[in-house]
Amino acid sequence: MLSNFQVALNAFSLILLPLALHSLANGSVPPKNSWVTSYYEAERYLGPTGNVMLLALCGANLVTLGMNFGFIPQTSPDFDGLVATPFIILAIAYLVLWIRAIRKVRRRDRDDTHA
């Protein structure tokens, strides 16, 4: 049984889910005039991967809510694992993309200072 705070936290996914879908459908635009702009421009798939990871997180939270309120039977923990597994894979991919973006930006800045 989830506490009231956990229900509210998981229910926040009902707000995030349409926002993530809209961002994914319209293309993930890098933030303007931010310190992360150069990283998003250096690594093309950083934004969309983050959006898909957010969708997987929202899906896992909604499954947890569904199990708590009885919409999904409690006897199906495999369904929860099926939804949570892509999140872990996407989180690793997102981390790798961030590392690649940092390396590209640092290499570009290093080459600009030496040129």
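For the structure itself, look to the data block above.
We now turn to the structure provided with this report. None of the values given here were measured: they were computed from a predicted structure.

**Thoughts on the overall build of the chain**
Step number 1: When helices and strands are tallied, the chain shows 5 helices and 0 strands.
Step number 2: In the chain, the succession of helices and strands from N to C terminus is α-α-α-α-α.
Step number 3: On C-alpha atoms alone, the chain measures out to a radius of gyration of 18 Å, which is more than a quarter above the 13 Å that the 2.2 N^0.38 rule sets for 115 residues.
Step number 4: With the principal axes as the frame, the chain shows a C-alpha extent of 65 × 25 × 25 Å.
Step number 5: Within the chain, the proportion of its 115 residues that are buried is 28%.
Step number 6: Excluding contacts between residues fewer than 6 apart, the proportion of contacts in the chain whose partners are at least 24 apart in sequence is 71%.
Step number 7: Carbon together with sulfur atoms contributes 66% to the accessible area of the chain, which is approximately 7,900 Å² in total.

**Quick word on the packing of helix H1 (residues 4-11) against helix H2 (residues 13-25)**
Step number 1: Where H1 contacts H2, the axes come no closer than 5 Å and their chain directions differ by 15°. In terms of axis orientation, H1 runs roughly parallel to H2. Residue-level contacts link Leu 9, Asn 10 and Ala 11 of H1 to Ser 13, Leu 14 and Ile 15 of H2.

**Examining the packing of aromatic side chains**
Step number 1: Within this structure, the stated rule accounts for 3 aromatic pairs.
Step number 2: Pairing Tyr 40 with Trp 98 gives two aromatic rings, centres 5.7 Å apart and planes at 85°, and the pair type is edge-to-face. Placement of the pair is Tyr 40 in helix H3 (residues 37-42) and Trp 98 in helix H5 (residues 77-114), with a sequence separation of 58 residues.
Step number 3: On the numbers, 6.4 Å between centres and 90° between planes, the contact of Tyr 94 with Trp 98 is edge-to-face. With Tyr 94 and Trp 98 both in helix H5 and 4 residues apart, the pair spans about one turn of that helix.

**Thoughts on a nonpolar patch on the surface**
Step number 1: A cluster of nonpolar side chains, namely Phe 12, Ile 15 and Leu 19, defines an oily patch on the protein surface of about 310 Å² accessible area.
Step number 2: Secondary-structure assignment places Ile 15 in helix H2.

**Brief notes about the pattern of salt bridges**
Pairing of side chains with opposite charge becomes possible as their charged atoms draw close.
Step number 1: Evaluation of the coordinates by the stated rule reveals 2 salt bridges.
Step number 2: One connected set of salt bridges, linked through shared partners, spans Glu 43, Arg 100 and Lys 104.

**Some details on the packing of H2 against helix H4 (residues 46-69)**
Step number 1: Put simply, H2 and H4 touch, their axes get as near as 9 Å, and they point 150° apart. As judged from the angle between their axes, H2 and H4 are roughly antiparallel. Note that H2 runs across H4; the crossing there is left-handed. Two secondary-structure elements touch here, H2 through Ser 13, Leu 14, Leu 16, Leu 17, Ala 20, Leu 21, Ser 23 and Leu 24 and H4 through Pro 48, Asn 51, Val 52, Leu 54, Leu 55, Cys 58, Asn 61 and Leu 62.
Step number 2: A per-class count over the contact of H2 with H4 returns 12 nonpolar, 4 polar and no charged.

Cut-offs used in this document
Residues numbered from 1 in each chain as written. Predicted model: local features only at pLDDT ≥ 70, side-chain atom pairs only at ≥ 80, totals over all residues. Heavy atoms only, no water. Helix = DSSP H or I, 4+ residues; strand = E, 2+ residues; numbered from the N terminus. Rg over C-alpha atoms; globule rule 2.2 N^0.38 Å. Buried < 20%, exposed > 50% of the residue type's maximum accessible area, 1.4 Å probe, protein only. Contact = heavy atoms within 4.5 Å. Areas by Shrake-Rupley, 256 points an atom, 1.4 Å probe, with all protein chains shown as cover. Axes fitted to C-alpha atoms, helices over the stretch in contact; angles between N-to-C directions. Parallel < 35°, antiparallel > 145°, perpendicular 65-115°, else oblique. Phe/Tyr/Trp six-rings, centres within 6.5 Å; stacked < 30°, edge-to-face > 60°. Patch = residues over 30% accessible without salt bridge, like charges linked within 9 Å, V, L, I, M, F, W, Y side chains within 5 Å. Salt bridge = Lys/Arg side-chain N within 4 Å of Asp/Glu carboxyl O. Left-handed = near helix turned anticlockwise from the far one by under 90°. Nonpolar A, V, L, I, M, F, W, Y, C, P; charged D, E, K, R; others polar.

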